[in-house]
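Here's the letter readout for the chains.
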Amino acid sequence: MSPQAILLCGGKGERLRPLTADLPKPLVPINGKPLLGHIVEHVQKFDVKGFIAAVGYKAGKIKEYFERDLGLKAEFVDSGDVDIIKRLADCSPLIKGDFLVLYGDTLSNVDLDDLVAFHRSRPEKATITVWPLRSQFGLLEVAEDGKVVSFREKPALDKWINIGYFYFEKEALSWMRGFERFEDFLGHLVARGQLNAYRQRGVHITVNTIK
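Residues numbered from 1 in each chain as written. Predicted model: local features only at pLDDT ≥ 70, side-chain atom pairs only at ≥ 80, totals over all residues. Heavy atoms only, no water.

**Notes on the nonpolar core**
Ranked by internal contacts, the top residues of the largest apolar core, which has 32 residues, are L7, L36, F51, F66 and L112. Elements with a contribution of two residues or more to this core: β1 (4-9), α1 (35-43), β4 (51-55), α2 (59-69), β6 (99-103) and α4 (112-120). Filtering out sequence-adjacent residues up to four positions away, F51 remains in contact with A5, L7, V40, V43, Q44, F66, L72, A74 and E75. Listed in part, the 25 residues of the second largest apolar core include I6, F166, A172 and W175. (Core = buried A, V, L, I, M, F, W, Y, C linked by side-chain atoms within 4.5 Å. Buried < 20%, exposed > 50% of the residue type's maximum accessible area, 1.4 Å probe, protein only. Helix = DSSP H or I, 4+ residues; strand = E, 2+ residues; numbered from the N terminus. Contact = heavy atoms within 4.5 Å.)

**Considering unusual backbone geometry**
Despite not being glycine, K58 has its phi angle at roughly 50°, a positive value. By the secondary structure assignment, K58 is in the loop between β4 and α2.

**Description of the pattern of salt bridges**
Summed over the entire model, instances satisfying the criterion amount to 9 salt bridges. A salt bridge links E41 to K33, with the nearest nitrogen and oxygen atoms 2.7 Å apart. Close ionic contact of R68 with E64 constitutes a salt bridge, the shortest N to O distance being 2.9 Å. Taken as a pair, R68 and E64 lie in helix α2 at a separation of 4 residues, close to a single helical turn. Overall, E64 belongs to the partly exposed group, its relative accessible area being 40%. The network of salt bridges with shared partners includes K125, E169 and E171. (Salt bridge = Lys/Arg side-chain N within 4 Å of Asp/Glu carboxyl O.)

**Some details on the environment of F168**
Here F168 lies in strand β12 (residues 166-168). In this structure F168 touches D98, F99, V101, K125, A126, F182, F185 and L189, once residues within four positions along its chain are discounted.

**A few points about the environment of S121**
Mapped onto the fold, S121 is located in the loop between α4 and β8 (126-134). From its side chain, S121 meets the backbone oxygen of F118 in a polar contact 2.6 Å long. (Polar contact = N/O pair within 3.5 Å; in protein donor to acceptor, adjacent residues only side chain to side chain.)

**So, the state of the cysteines**
According to the stated counting rule, one finds 0 disulfides in the structure shown. Just so you know, C9 is unpaired, no disulfide at all, and the nearest cysteine sulfur is the one on C91, 9.9 Å from it. (Disulfide = S-S within 2.5 Å.)

What follows is the structure, given as structure tokens:
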């Protein structure tokens, strides 16, 4: 069965002010198209069954964009200003089977079919997409006598960051109860040995600031 896609669209995007004074963060334009439009356009290339938009800040504008501009039927769940874990709990009555969770502020060319295939090849109940952490600075290795041994300009490091694009089996919904924060739930999955990491090596851009 194809997974549903839950789009997290409820954030205020305060670091994107003044752009988000009148717009919800997912509708901030990137190259003439709202961020959400880029995300939906990408997801539609893959075998995904229906969208649930988890909304909050200026929810009416998100709904209007889906219906008027995208011409796309979606289900909307307005939880107000809450943590992701609460948004997912509120969406649970609409979730029919396995589901994807995507951040509404992240541009990426993740191959969702490959992500799903990777998850289904393993026994764990959840998968998180990760991307190599890149240094913002040039890194040098320096010997005791002060001589520079190596220099790398803004290299990819041997660490991975969370970029969203989660895959959850429906069973995981029941495990979310009792958690106040999504990050605590992810830590619980790690402790239970139930979280895979799908490595994304292509495009990733998190739109958090004007820069």
